[in-house]
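# Coordinates in review
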Amino acid sequence: MTKEEPLGYVAEPQKQVPVAYDVDVAVVGGGLSGMFSAIAAGRLGAKTLLLDRFAALGGNLGPAMIVGGSVAGEAPVTLPGGLAGIPKELNDRMEALQVETGHRYADITNIISHLAAQLALDAGVEILVPVWVGDPIIADNRVAGLFVEGKSGRVAVKSKVVIDASADADVCRRAGVPVITDMAPDPSWPPVIRQEFLRPEFVPWNDTAIYFVMAGVDFPRFEQFLASDVTLTAEDEAWLAEREQFPFARQAFEDPMIPLLRHAWEIGEYYYLKTVEPHVHINTPNLWKGPYENGLVGSRINMGGAIRRDDMKQHARLETAIRMHVFETVQFFRKYVPGFDRAYLLITAPYFGSRGGPHIDGEYTITPEDAFNGAKFDDVLYRNTHAAQPHYGGEASGFDTPYRSLLPKGMDGLLATGRASAYIRRGHDPGATRARPALMQLGEAAGAAAALAVQDGVAPRHLDVKKLQRHLLQQGFFLGEPARLAQLGLTNP
Ligand SMILES: Cc1cc2nc3c(=O)[nH]c(=O)nc-3n(C[C@H](O)[C@H](O)[C@H](O)COP(=O)(O)OP(=O)(O)OC[C@H]3O[C@@H](n4cnc5c(N)ncnc54)[C@H](O)[C@@H]3O)c2cc1C
């Protein structure tokens, strides 16, 4: 899907914009990665401002209500050294506050938003929410701050370093640094990358989802229904097979659901799969199993295909469609599925999350081959693992995430973290490069780098990386085995 051409152009009148803040570090996006950047910078003494368009912090872990996976669940797999630093601290505090209801997302989400704000305030960070961050202020090829829109109107934020933690590289794109959006599929990609995403019409391929919670569900009755002995007819099987022409496999529905779905489909009442626009499809909802209590059931609707995170018109169409689909899905369940007759939609996540999207083509851009082959870089921030490594006989001890993957090309005063940082995605990117534990740690590393650069009065690209590495080691990050650390001059052999 190509980006739509503008209808024309108008000149924006010049005006004086009031400076509302003058800080050392401004972090754009208090999501999964950015919240750790702000806390880390604040703790290192930098005057730090954290900005987000949602008042609840946490991003994918906060208002997106964790659309899949878990907070640190993958850490033992994705981080050879386990979760460390401020992310570990937040995770430990979260676990202490968590109620064992089995309904983990609805609970954890709010704990995380609260803890993110608490840890940020404790670190002296100023929080500016809800605001929309617009263009960066650029002077002498350096980002020197941001224009921000809020209820006060447009204000300026002056900042020595800006960290782009917006997930979709908003600041970097507006700063005009090289950004990668489209990744044309290549048949040489390994089989671990789901083949349906290799079709050219799915460029730029992306995978999104929205989370929602239904209340008033008689879950034991639903389970009893799922356990019932339903044999699908040949017509049911044929009907299902026809639906499989969509590029996404049937995931969530067990056999007793199929005749109900088929009936609703055939009378034109509910389509569990939907083509929203060419090459964008709504997928089946995932009903998370588990010991649900209080009649709550959490679920998510997936949407995949040629989805651009840098096209607001398409975004508006897709988000409207998926939210309507959530509502229609709940109506279907209420009408047809035993146990749901008194169910209702309690909440749909305010934030429609994405696995992919634009990211910088950085001073170094991590490739899947780096990940498969266990690459080592002297500017390592932590070691990561890629799910595809075993397919390549790669090193189980993972690969290095280099500091340069935070640095956009050709622009000073700017760092990118989280999904905006420099790593090549292919299809679903089944690896750990974009996984939560890694990006949480990347957030802390970016915040520490910004604060140390300000302390030393240098641009982030001229930071003494050893200084940053020593700080991360103190924070418990795993940068390699002792011999490797000695080789890097970080410890004695
Ligand atoms: C469907 C789905 C399933 C996933 N499954 C897993 C999984 O199983 N395991 C796993 O480890 N990870 C999973 N993830 C995580 C995912 O892969 C990403 O890596 C992660 O969400 C990226 O975090 P981030 O900090 O870059 O972005 P986010 O957490 O999205 O944070 C970005 C923040 O920036 C703010 N923002 C953006 N633009 C602006 C602006 N212009 N002005 C102000 N604020 C702005 C947003 O409000 C948000 O708070 C999943 C994600 C999705 C969507």
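As shown above, the structure is provided for reference.
Here we summarise the structure given alongside this text. The shown structure was predicted, so the numbers you read here are calculated from the model rather than taken from an experiment.

## Looking at the site of the ligand
- Near the ligand you find 32 residues, and of these D52, Y351, R419, R434 and R436 are the closest.
- Within the backbone of V133, a nitrogen or oxygen atom sits 3.1 Å from a nitrogen atom of the ligand.
- Coverage of the ligand by the protein chains reaches 96% of its 1,000 Å² of free accessible surface.
- Of all the elements, helix α11 (residues 436–456) adds the most residues to the shell around the ligand, at 3 residues.
- Each residue belonging to the shell around the ligand can be placed in one class, and the counts come to 13 nonpolar, 11 polar and 8 charged.
- Inspection of the shell around the ligand shows a minimum of three residues originating in each of domain 1 (19–183 + 357–487) and domain 2 (205–354).

## Remarks on the pattern of salt bridges
- The full count for this structure, using the stated rule, is 26 salt bridges.
- One salt bridge in this structure joins R262 and E266, with 3.0 Å as the shortest N-O distance. Placement of both R262 and E266 in helix α8 (residues 257–266) is noted, with a separation of 4 residues, approximately one turn of the helix.
- Taken together, the salt bridges that share partners define one network made up of D378, R383, D400 and R484.

## A word on the layout of surface pockets
- By volume, the second largest pocket is sized at about 330 Å³.
- Together, 14 residues line the second largest pocket, and E12, D135, F147, E149 and R154 are the ones closest to its centre.
- Those elements that provide at least two residues to the lining of the second largest pocket are β4 (132–139) and β5 (142–150).
- Across the lining of the second largest pocket, the residue classes break down as 5 nonpolar, 3 polar and 6 charged.

## Section: the environment of P178
- Within the element layout of this structure, P178 appears in the loop between α5 (170–175) and β7 (179–180).
- P178 gets classed as partly exposed once you look at its relative accessible area, which sits at 34%.
- C-alpha of P178 to C-alpha of H359: the two residues are 181 residues apart in sequence and 8.8 Å apart in space.
- In this view, P178 contacts I360, D361 and K409; residues no more than four positions away in its chain are not counted.

## As for a nonpolar patch on the surface
- A cluster of nonpolar side chains, contributed by Y344, L346 and I347, occupies part of the molecular surface with about 270 Å² of accessible area.
- Note that L346 resides in strand β12 (residues 344–348).

## Observations concerning the nonpolar core
- Ranked by size, the top nonpolar core spans 115 residues in total, and within it M257, F332 and V337 carry the most contacts.
- It is α11 that contributes the most residues to this core, 13 residues altogether.
- Here this core gathers at least three residues from each of two domains, domain 1 (19–183 + 357–487) and domain 2 (205–354).
- When residues no more than four places from it in sequence are discounted, the contact partners of F332 are M257, L260, L261, A264, Y270 and V337.
- Membership of the second largest hydrophobic core comes to 26 residues, among which are A175, M411, L414 and A420.

## Concerning the packing of helix α1 (residues 34–43) against α11
- Across the interface, α1 lies against α11 with an axial gap of 7 Å and an inter-helix angle of 35 degrees. In the crossing of α1 with α11, the sense of the turn from one axis to the other is right-handed. Listed contacts from α11 to F36, S37, A40 and A41 of α1 are M440, G443, E444, A446, G447, A448 and A451.
- A breakdown of the residues in the contact of α1 with α11 according to their chemical character gives 7 nonpolar, 3 polar and 1 charged.

Here is what the cut-offs are and how they apply
Residues numbered from 1 in each chain as written. Predicted model: local features only at pLDDT ≥ 70, side-chain atom pairs only at ≥ 80, totals over all residues. Heavy atoms only, no water. Near = heavy atom within 4 Å. Polar contact = N/O pair within 3.5 Å; in protein donor to acceptor, adjacent residues only side chain to side chain. Areas by Shrake-Rupley, 256 points an atom, 1.4 Å probe, with all protein chains shown as cover. Helix = DSSP H or I, 4+ residues; strand = E, 2+ residues; numbered from the N terminus. Nonpolar A, V, L, I, M, F, W, Y, C, P; charged D, E, K, R; others polar. Domains from an automatic or database assignment. Salt bridge = Lys/Arg side-chain N within 4 Å of Asp/Glu carboxyl O. 1 Å grid on protein atoms, 1.4 Å probe; cavity = no way out; pocket = protein on both sides within 12 Å on 5 of 7 lines; lining within 4 Å. Points joined across faces, edges and corners; volume = space filled by probe spheres on them. Buried < 20%, exposed > 50% of the residue type's maximum accessible area, 1.4 Å probe, protein only. Contact = heavy atoms within 4.5 Å. Patch = residues over 30% accessible without salt bridge, like charges linked within 9 Å, V, L, I, M, F, W, Y side chains within 5 Å. Core = buried A, V, L, I, M, F, W, Y, C linked by side-chain atoms within 4.5 Å. Axes fitted to C-alpha atoms, helices over the stretch in contact; angles between N-to-C directions. Left-handed = near helix turned anticlockwise from the far one by under 90°.

Worth remembering: the numbers are spatial, not functional.
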